[in-house]
Amino acid sequence: MELTNFRSYESTCVDLEPGFNLIVGRNGQGKTSLLEAVYCLSALGSHRAPTSASMIRHGEERAVVRARGVSAGRNLVVEAEIVRGGGIKVWSNKQRVGKGARDRTLTAILFSPEDLELVKGGPEERRRFLDQAAVRARPVTAVDRQEFEKGLRQRNGVLKAAKSNPRALKQLDVWTEQVAASGAAVVTNRLQALAQLLPAVRRRYRQLAAAEPPELVYQASWTDGPVESSLRGITMALMESMVATQSRDLEATSTLTGPHRDDLLIELGGSGARLYASQGEQRSLALSLRLAERDVAAEVHGEEPILLLDDVFSELDQHRRGRLGELVSTSGQTIATATSAESLPLKAGRQLLVERGRLSEVE
Ligand SMILES: Nc1ncnc2c1ncn2[C@@H]1O[C@H](COP(=O)(O)OP(=O)(O)OP(=O)(O)O)[C@@H](O)[C@H]1O
Ligand SMILES: [Mg+2]
């Protein structure tokens, strides 16, 4: 893999091996940046920066990441170009990869310390997790999401306009119907993604923690009862809920119930993990969610995605570290970072030391 003007890397070439690769280095030396470089080839963007431009080395105009590998028995060359003011472009064997065709590029799943928010943070993180899983399994679901967001914006616009001009209310029913229909598609996609992920999350947690696995339950903001399973049933329930809260919606000038207010409840030992699980348990849960995401992606693509583990070992106890080590040693390509190799449960196939944006091999 080659990096040019990527964060603190000026020009670097690195060989990674198909098994377990370990990047060690002190704080601020460029460990996360290296994982970010692999990740952006897969996700067409950074996991930690809202705009691609922050990945360009200070004072430069353009960054390039190039990776060579083998995918499904074919040689694959994936290249990302990030231009200041121009966003990120990715090519796979010279063919441009669009947002909707990410299955043509390499697939990487990243676990970073920020992922603790999946468990500890607000519902938005978990909704995004489900939506991303849905898009990975079926890229067309991105369209449902866009339709829903468009409808929601329009409906909220009408609610706002109606404050000063009651005639605007005539438009409300049309958008309520649109939001119910597109929202039902979004919910259905999430439920399908959850059904795929759930067994994998439970299996991964059991392996990692050697403890009772979590329960994951979709929590709808638009019904008190169990969530309907048919598209029609969900559409009806969303309609009913929006009609029932219409006066409150008008007061708040926004749509108060719907998929944009839903959550994914994660329960460990019968209580909500967000409030009751310990730090290490939350970390293990978040890691299980990502590992499950990788399992599902492997099923979908017929190939193990690259696993990127940013500083994961330091937070886990010795047992969990050991089990993660076993897990990693039996699956495809992994790139992990650590500040020191000492407490690591397994020997890396390739170990690299990073110092101020320079990589060197450690024997
Ligand atoms: N666009 C950029 N241009 C130049 N340097 C940058 C850029 N973005 C970040 N850096 C610097 O790159 C360095 C490495 O950052 P990185 O997050 O990769 O470190 P790290 O090895 O993961 O550290 P830690 O162990 O603290 O997580 C930091 O000192 C950061 O200030
Ligand atoms: Mg880091």
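Residues numbered from 1 in each chain as written. Chains lettered and ligands numbered in written order. Predicted model: local features only at pLDDT ≥ 70, side-chain atom pairs only at ≥ 80, totals over all residues. Heavy atoms only, no water.

Re the overall build of the protein chain
Right, on to step 1. Per the secondary structure count, the protein chain includes ten helices and 15 strands.
Right, on to step 2. In terms of C-alpha radius of gyration, the protein chain reaches 22 Å, essentially the compact-globule figure of 21 Å for 363 residues.
Right, on to step 3. Taken over the C-alpha atoms alone, the protein chain extends approximately 70 × 50 × 35 Å along its principal axes.
Right, on to step 4. Counting only residues that meet the buried cut, the protein chain has 49% of its 363 residues in that class.
Right, on to step 5. A separation of at least 24 residues holds for 70% of the contacts in the protein chain among residues at least 6 apart in sequence.
Right, on to step 6. Summed over its atoms, the accessible surface of the protein chain is roughly 17,600 Å², and 47% of this surface lies on carbon and sulfur atoms.
Right, on to step 7. Put simply, the protein chain has 49 plus and 46 minus side-chain charges, and the middle of one group is 4 Å from the middle of the other. (Helix = DSSP H or I, 4+ residues; strand = E, 2+ residues; numbered from the N terminus. Rg over C-alpha atoms; globule rule 2.2 N^0.38 Å. Buried < 20%, exposed > 50% of the residue type's maximum accessible area, 1.4 Å probe, protein only. Contact = heavy atoms within 4.5 Å. Areas by Shrake-Rupley, 256 points an atom, 1.4 Å probe, with all protein chains shown as cover. Lys, Arg positive; Asp, Glu negative; His and termini not counted. Charge placed at Lys NZ, Arg CZ, Asp CG, Glu CD.)

Brief notes about the site of ligand 1
Right, on to step 1. The immediate surroundings of ligand 1 are formed by 15 residues, with Gly 28, Lys 31, Thr 32, Ser 33 and Ile 56 found nearest.
Right, on to step 2. At 3.2 Å, a side-chain N or O of Arg 7 approaches a nitrogen atom of ligand 1.
Right, on to step 3. In isolation ligand 1 has 660 Å² of accessible area, and contact with the protein removes 71% of it.
Right, on to step 4. Residues that form the shell around ligand 1 fall into these classes: one nonpolar, nine polar and five charged. (Near = heavy atom within 4 Å. Polar contact = N/O pair within 3.5 Å; in protein donor to acceptor, adjacent residues only side chain to side chain. Nonpolar A, V, L, I, M, F, W, Y, C, P; charged D, E, K, R; others polar.)

Considering the confidence of the model for the protein chain
Right, on to step 1. The share of residues in the protein chain with pLDDT of 70 or more is 99%, and the mean pLDDT across the chain is 94.
Right, on to step 2. Summarising per-element confidence for the protein chain, the mean pLDDT is lowest in strand β15 (residues 358-362) (91) and highest in strand β1 (residues 2-6) (98). (pLDDT = per-residue confidence, 0-100.)

Details of the sheet that holds strand β9 (residues 215-219)
Right, on to step 1. Strand order in the open sheet made by the three strands is β9-β10-β11, with antiparallel pairing throughout. Sheet topology places β9 and β11 (271-272) at the edges, where each strand pairs with a single neighbour.
Right, on to step 2. Sheet analysis places β9 next to strand β10 (residues 263-268), joined by five bridges and oriented antiparallel. From the neighbouring strand, Val 217 faces β10, where its bridge partner is Leu 265.
Right, on to step 3. In the packing of helix α3 (residues 123-137) onto the sheet, contacts are made with β9 and β10, and the angle to β10 comes to roughly 100°. (Pairing = 2+ DSSP bridges. Axes fitted to C-alpha atoms, helices over the stretch in contact; angles between N-to-C directions.)

Focus on the packing of helix α5 (residues 172-209) against helix α10 (residues 318-329)
Right, on to step 1. As a packed pair, α5 and α10 sit with axes 7 Å apart at the nearest point and diverge in direction by 125°. One way to sum up the angle between α5 and α10 is to call them oblique. Only Arg 320, Arg 323, Leu 324 and Leu 327 of α10 make contact with α5, whose side of the interface consists of Arg 204, Tyr 205, Gln 207, Leu 208 and Ala 209.
Right, on to step 2. In terms of residue class, the contact of α5 with α10 is made up of five nonpolar, one polar and three charged. (Parallel < 35°, antiparallel > 145°, perpendicular 65-115°, else oblique.)

Quick look at the nonpolar core
Right, on to step 1. If you look at the biggest cluster of nonpolar residues, it comprises 58 residues, and the most contacted ones within it are Phe 20, Leu 22, Leu 197, Leu 287, Leu 309, Val 312 and Leu 324.
Right, on to step 2. The greatest single-element share of this core, amounting to 13 residues, is contributed by α5.
Right, on to step 3. For this core, the two domains that each supply at least three residues are domain 1 (1-107 + 303-363) and domain 2 (119-301).
Right, on to step 4. Setting aside residues no more than four positions away along its own chain, Leu 324 makes contact with Leu 208, Leu 287, Leu 309, Val 312, Phe 313 and Leu 316.
Right, on to step 5. Judged by nonpolar contacts, the second largest core, of 35 residues, contains Phe 6, Val 14, Ala 80 and Ala 108. (Core = buried A, V, L, I, M, F, W, Y, C linked by side-chain atoms within 4.5 Å. Domains from an automatic or database assignment.)

Examining the sheet that holds strand β2 (residues 9-13)
Right, on to step 1. Here six strands make up an open sheet; going across it, the order is β2-β1-β4-β5-β6-β7 and the pairing antiparallel. A strand with exactly one partner marks an edge of an open sheet, and here the two such strands are β2 and β7 (95-97). Direction aside, neighbouring strands of the sheet carry axes that sit 20° apart on average.
Right, on to step 2. With three bridges connecting them, β1 and strand β4 (residues 62-71) associate as antiparallel partners. Residue pairing in the sheet places Leu 3 in a bridge with Val 65 of β4.
Right, on to step 3. Across the sheet, helix α1 (residues 31-43) lies against β1, β2, β4, β5 (74-83) and β6 (87-92), angled at about 110° from β1, the strand it touches most.

A look at the packing of α5 against helix α9 (residues 279-301)
Right, on to step 1. Two elements in contact, α5 and α9, have axes whose closest approach is 8 Å; the angle formed by their N-to-C orientations is 130°. Classified by the angle their axes make, α5 and α9 are oblique. Judged by the twist between their axes, the crossing of α5 over α9 is right-handed. Here α5 contributes Gln 196, Leu 197, Ala 200, Val 201, Arg 203, Arg 204, Tyr 205 and Leu 208 to the contact with α9, which in turn contributes Glu 281, Ser 284, Leu 285, Leu 287, Ser 288, Leu 289, Leu 291, Ala 292, Glu 293, Asp 295 and Val 296.
Right, on to step 2. Considering only residue class, the contact of α5 with α9 consists of eleven nonpolar, three polar and five charged. (Left-handed = near helix turned anticlockwise from the far one by under 90°.)

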